[in-house]
Amino acid sequence: MSSNEFPGWHGTTIIGVRKGGEVVIAGDGQVSLGQTVIKGTAKKVRRLSPGGYDVVCGFAGSTADAFTLLERLEAKLEATPGQLARASVELAKDWRTDKYLQKLEAMLIVTDGKDLFVITGAGDVLEPEHDVTAIGSGGNFALAAARGLMEGDGTAEEIARKAMAIASDICVYTNGKLTVETIKA
């Protein structure tokens with residue numbers, strides 16, 4: 001990398017686990033710039049309540065971009081109360097077609113306790129096949145760990161916490177300082 005090239009923000013791992021009538025979204029707290037940890041206690045999982053309906057969101061990528069997307073999602077949810085799928089599709093359509101939004105670099109995991117989706121800038125609204133989804137630099141590690149743990153007796157929260165612990169042991173851009181939000185169906 002040249003000396004004048006910005007090293008870029010790295011990191012985060014967000015996981016969503018659905019089991020036993022509840023959905024848990026957990027995220028680590030590390031924000032890194034190049035090889036430096038800038039902050040270890042960032043909160044990348046949020047609870048929104050537009051129109052009186054609770055939605056839990058986790059984000060990976062640029063924080064400013066993610067907050068922009070969360071504001072847009074909240075507006076979509078206010079326009080379609082209680083309809084997470086519809087609001088998610090509308091956000092993904094805007095994200096893919098709007099010239100300003102196309103530049104945003106983030107991904108979201110969202111749930112209302114019933115539905116669980118990953119929303120991407122490519123226009124995707126993806127529902128996981130195995131009731132587990134993960135995004136971010138350690139997402140694949142957390143996803144693999146959680147899929148292996150789903151057959152056991154653990155709750156959604158126990159699975160999410162164990163999977164995040166495994167991811168934080170492997171991914172240098174992920175730490176063990178978690179924010180965990182649970183929502184029931």
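Since we're looking at a predicted model, the values are computed, not measured.

Let's shift gears to the sheet that holds strand β2 (residues 13–19). Hydrogen bonds along the backbone pair up the strands of a sheet, which may run parallel or antiparallel. Ordered in space as β11-β2-β3-β12, the four strands form an open sheet in which the pairing is antiparallel. The sheet is open, and its two borders are formed by β11 (132–136) and β12 (179–184), each paired with just one other strand. The sheet shows a mean angle of 10° between the axes of neighbouring strands, direction not considered. Across five bridges, β2 lies against β11 in antiparallel orientation. The residue bridging valine 17 from the neighbouring strand is valine 132, located in β11. Each of β2 and β11 touches helix α3 (residues 139–149); the most contacted strand, β11, lies at about 165° to it.

Before going further, it helps to spend a moment on helix α4 (residues 156–170). For α4, which comprises 15 residues, the first-to-last C-alpha distance of 21 Å matches the rise-based estimate of 21 Å (1.5 Å per residue) to within 8%. Among all positions of α4, only Ala156, Ile159, Ala160, Ala163, Met164, Ala167 and Ser168 are buried. All buried residues of α4 lie within an arc of 160° about the axis, which places them on one face of the element. Taken together, the buried residues of α4 touch β2, β3 (22–27) and α3.

Procedures and definitions
Residues numbered from 1 in each chain as written. Predicted model: local features only at pLDDT ≥ 70, side-chain atom pairs only at ≥ 80, totals over all residues. Heavy atoms only, no water. Pairing = 2+ DSSP bridges. Helix = DSSP H or I, 4+ residues; strand = E, 2+ residues; numbered from the N terminus. Axes fitted to C-alpha atoms, helices over the stretch in contact; angles between N-to-C directions. Contact = heavy atoms within 4.5 Å. Expected span 1.5 Å × (residues − 1). Buried < 20%, exposed > 50% of the residue type's maximum accessible area, 1.4 Å probe, protein only. Arc of directions from axis to C-beta.

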